[in-house]
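# Results of the structural survey
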Amino acid sequence: RDAKLELDEIEQIQVNNTWFIKLNLPLSIEHLPPGYHALKVRVGALTAHMPLIVAPAQCYQPPVLADHRKLWGLTVQLYSLCTPRSLGMGDFGDLRLMMQRVATQGAAFIVLNPLHAGALHYPENCSPYSPIDRRRINPLYIDPQSEPDFQEGEAAQWLASDPQAAGFLLSLAQESWIDYTQVTELKFRLFALMYERFLSVQHQSGNSRLQLFNDFMQQQGDALRV
């Protein structure tokens, strides 16, 4: 709403032969709901526009915290969470196994490193704190073995019996450090086989996964190719 106020002058300063006046603008925002608002201020012939963010006095507290009960959990760098089923680095499959295990011991939360997309064209530039796109997750954290296109297509067979896959797995198992180049090559070989399987069944009627895929492509558009 429009409101006319007499603003108190706080100070005047001169910069490069131009005078600037600092005024005090009192705001009463008790009537505004939390959220984003637009603030327009007009002083003489000058008009300024700026966002006004109204936040509640405190964030939501779940009952367990409001009751001052203590919780415990783990801090995990997901890439380092390797298990016997890992493909060279920790992924969401390993995370699921760990969550199931620690939940039985009473853990209430897990804190993870950032999971944003990294530079797949240069896999060794692997810091989770230097992503190239915060809109996407790092596909190396995907667990191919938990997806239906892995078990139902050629990906599982290739991983279990192909000499190239065996070489990848042996090399990765012997590494003391994460070989991001080999992990990327291995996983994207699996992703390609899984995608072929996905396309091979797209003609089936009532394929809800295909519809979800097409909707996602339509919504994201060119952003997926950047």
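Calculation rules
All residue numbers here refer to positions counted from 1 along the written sequence of the relevant chain. Residue-level local features of this predicted model are given only where pLDDT is at least 70; pairs of side-chain atoms are given and counted only at 80 or more, and the full residue set underlies all totals for whole chains, interfaces and linings. Derived side-chain values reflect all non-hydrogen atoms in the structure, with water molecules and hydrogen atoms excluded from consideration. Should DSSP find at least two bridges between two strands, the strands are taken to pair. Only DSSP runs of H or I covering at least 4 residues are called helices, and only runs of E covering at least 2 are called strands; the numbering of each starts at the N terminus. In this description, a line fitted to the C-alpha atoms serves as the axis of each element, helices being fitted only across the stretch in contact, and the angle between N-to-C directions of two axes falls anywhere from 0 to 180 degrees. When the near helix sits turned anticlockwise from the far one by under a right angle, the crossing is termed left-handed; a clockwise turn instead gives a right-handed crossing. Any two residues whose heavy atoms approach within 4.5 Å are treated as being in contact. Polar here means any residue outside two lists: the nonpolar Ala, Val, Leu, Ile, Met, Phe, Trp, Tyr, Cys and Pro, and the charged Asp, Glu, Lys and Arg; Gly therefore counts as polar.

## A look at the pairing of strand S1 (residues 8-15)
In this structure, S1 lies alongside strand S2 (residues 18-24), joined through 7 bridges in antiparallel fashion. Bridge pairing links Gln12 to Ile21 in S2. Where S1 hands over to S2, the hairpin turn is made up of 2 residues, of which Asn16 adopts a positive phi near 50°.

## Thoughts on unusual backbone geometry
Of all residues except glycine, most have a negative phi; of all peptide bonds, most are trans. Even without being a glycine, Asn17 presents a positive backbone phi close to 70°. Among the secondary structure elements, Asn17 is positioned in the loop between S1 and S2. The backbone of His68 shows a phi angle near 60°, a positive value even though the residue is not glycine. Relative to the helices and strands, His68 resides in the loop between helix H1 (63-66) and strand S5 (73-76).

## Observations concerning the packing of helix H5 (residues 163-174) against helix H6 (residues 180-200)
Between H5 and H6, the shortest axis-to-axis distance is 10 Å and the interhelical angle comes to 145°. Crossing handedness for the pair H5 and H6: left-handed. Taken together, the residues of H6 that come into contact with H5 (itself represented by Gln164, Phe168, Leu169, Ser171 and Leu172) are Gln182, Val183, Glu185 and Leu186. Of the residues assigned to the contact of H5 with H6, the class counts are 5 nonpolar, 3 polar and 1 charged.

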